[in-house]
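The lines below spell out each chain.
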Amino acid sequence: MQIYWQLIWAYIKIGIFGFGGGYAMLSLVEKAVVAPGWITEQSFTDILAISQMTPGPIGINSATYIGYLAPGQVNPELASPGWGILGAVLATLAVVLPSFFLVLYASHFIRRHNESGVIKAIFAGLRPVVVGLIASAAILLMNAANFCPDHETRTLIASVIICAIAFCLVYFPIPAGNGRKVKLHPILVICLAGLAGFFLYGL
């Protein structure tokens, strides 16, 4: 049962210090759940992929999935749907409640002191931190579990090519005639990448 208290404490800390949204949280989440051995690196990567594809914020989705899986990974006696649902509920509440109360109070405080030089200076200091945390998440995801799970050179090359093409399709506008340029919707790029993965690795 200790794993539930550990999940609650870990996600309370993530909820308090997870500035910048779900992607900025990823390095905190990885340190909290992969380092102690609650979740393997491969499982963590799979959970992130599922969390991005399902509706809702990635931070909350991943907390739900990790809360469901972690008890059974740590203690085989807890590897049942009931114990998993309990872990999912606790982890989700633990990551949401600190942010809820902080935003509730901070919004009232910021509204009263909106023109304060101190508040403006605090936000000016937080912005580059958020950028750094999101960049850290991007680097964190550039691992063997994502790019080369079977340790084959062919898989690594194909994964790098898919990553580069997906980045270009999302970031750079595509000429569409008559001088117009369009950007592909990220959901379309995700579907195309899934098809590419199916044909490359599934057949």
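Each chain carries its own residue numbering, running from 1 in the direction its sequence is written. pLDDT decides what is reported in this predicted model: residues at 70 or higher carry local features, side-chain atom pairs at 80 or more are listed and counted, and totals for whole chains, interfaces and linings draw on all residues regardless. Side-chain measures here rest on the full set of heavy atoms in the structure, leaving out hydrogens and waters.

Here we look at helix 2 (residues 22-33)
Every α-helix winds through 3.6 residues per turn, so residues three or four apart in the chain are directed the same way. Secondary structure is summarised from DSSP: a helix means a run of H or I of at least four residues, a strand means a run of E of at least two, and numbering begins at the N terminus for each. Expected helix span is computed as 1.5 Å times (number of residues minus one). Over its 12 residues, helix 2 runs 15 Å from end to end, which matches the ideal 16 Å to within 8%, given 1.5 Å per residue. Where the residues of helix 2 are buried, they touch helix 1 (2-17), helix 3 (41-53), helix 4 (58-74), helix 5 (81-112) and helix 6 (117-140). Here, two residues are considered to be in contact whenever any of their heavy atoms come within 4.5 Å of each other.

Remarks on the packing of helix 3 against helix 4
It is the contact of helix 3 with helix 4, at a shortest axis distance of 9 Å, that shows an interaxial angle of 140°. By the angle class used here, helix 3 and helix 4 are oblique. Helix 4 is crossed by helix 3, and the crossing has right-handed handedness. Taking contact as the criterion, the partners of Ser43, Phe44, Ile47, Leu48, Ile50, Ser51 and Gln52 in helix 3 are, on helix 4, Ile58, Asn61, Ser62, Tyr65, Ile66, Leu69 and Gln73. As a rule, the C-alpha atoms of each element are fitted with a line to give its axis, helices using only the stretch in contact, and angles between N-to-C directions run from 0 to 180 degrees. Put simply, angles under 35 degrees are roughly parallel, angles over 145 are roughly antiparallel, angles from 65 to 115 are roughly perpendicular, and the rest are oblique. Two helices crossing with the near one rotated counterclockwise from the far one by less than a right angle form a left-handed crossing, whereas a clockwise rotation gives a right-handed crossing.

With respect to the state of the cysteines
Put simply, a disulfide is two cysteine sulfurs that come within 2.5 Å. Applying the stated criterion to the full structure yields 0 disulfides. Free of any disulfide, cysteine 163 has its nearest neighbouring cysteine sulfur in cysteine 168, separated by 9.3 Å. With a 1.4 Å probe rolled over the protein chains alone, any residue whose accessible area is under 20% of its type maximum counts as buried; one over 50% counts as exposed, and the rest are partly exposed. Residue classification places cysteine 163 among the partly exposed residues on the basis of a relative accessible area of 36%. Among the residues examined, cysteine 168 registers a relative accessible area of 37% and is labelled partly exposed.

Some words on the packing of aromatic side chains
Working definition: a ring pair exists when centres of Phe, Tyr or Trp rings (six-membered ring for Trp) sit within 6.5 Å. Plane angles under 30 degrees give stacked, over 60 give edge-to-face, the rest tilted. In this structure the tally under the stated criterion is 6 aromatic pairs. Here phenylalanine 100 and phenylalanine 101 contribute two aromatic rings whose centre-to-centre distance is 5.2 Å and whose plane-to-plane angle is 75°, an arrangement assigned as edge-to-face. For phenylalanine 100, a relative accessible area of 46% translates into the label partly exposed. The exposure class assigned to phenylalanine 101 is exposed, which follows from its relative accessible area of 52%.

Comments concerning the nonpolar core
Throughout this description, the term nonpolar core refers to a set of buried Ala, Val, Leu, Ile, Met, Phe, Trp, Tyr and Cys residues connected via side-chain atoms within 4.5 Å. In this structure, Tyr11, Val29, Val33, Trp38, Phe44 and Ile66 are the most contacted members of the largest nonpolar core, which totals 27 residues. Secondary structure elements with two or more residues in this core: helix 1, helix 2, helix 3, helix 4, helix 5 and helix 6. For this core, the element with the most residues is helix 1, which contributes 6 residues. When neighbours within four sequence positions are excluded, tryptophan 38 is seen to be in contact with Ile3, Gln6, Leu7, Ala10, Ala32, Val33, Ala70, Gln73 and Val74.

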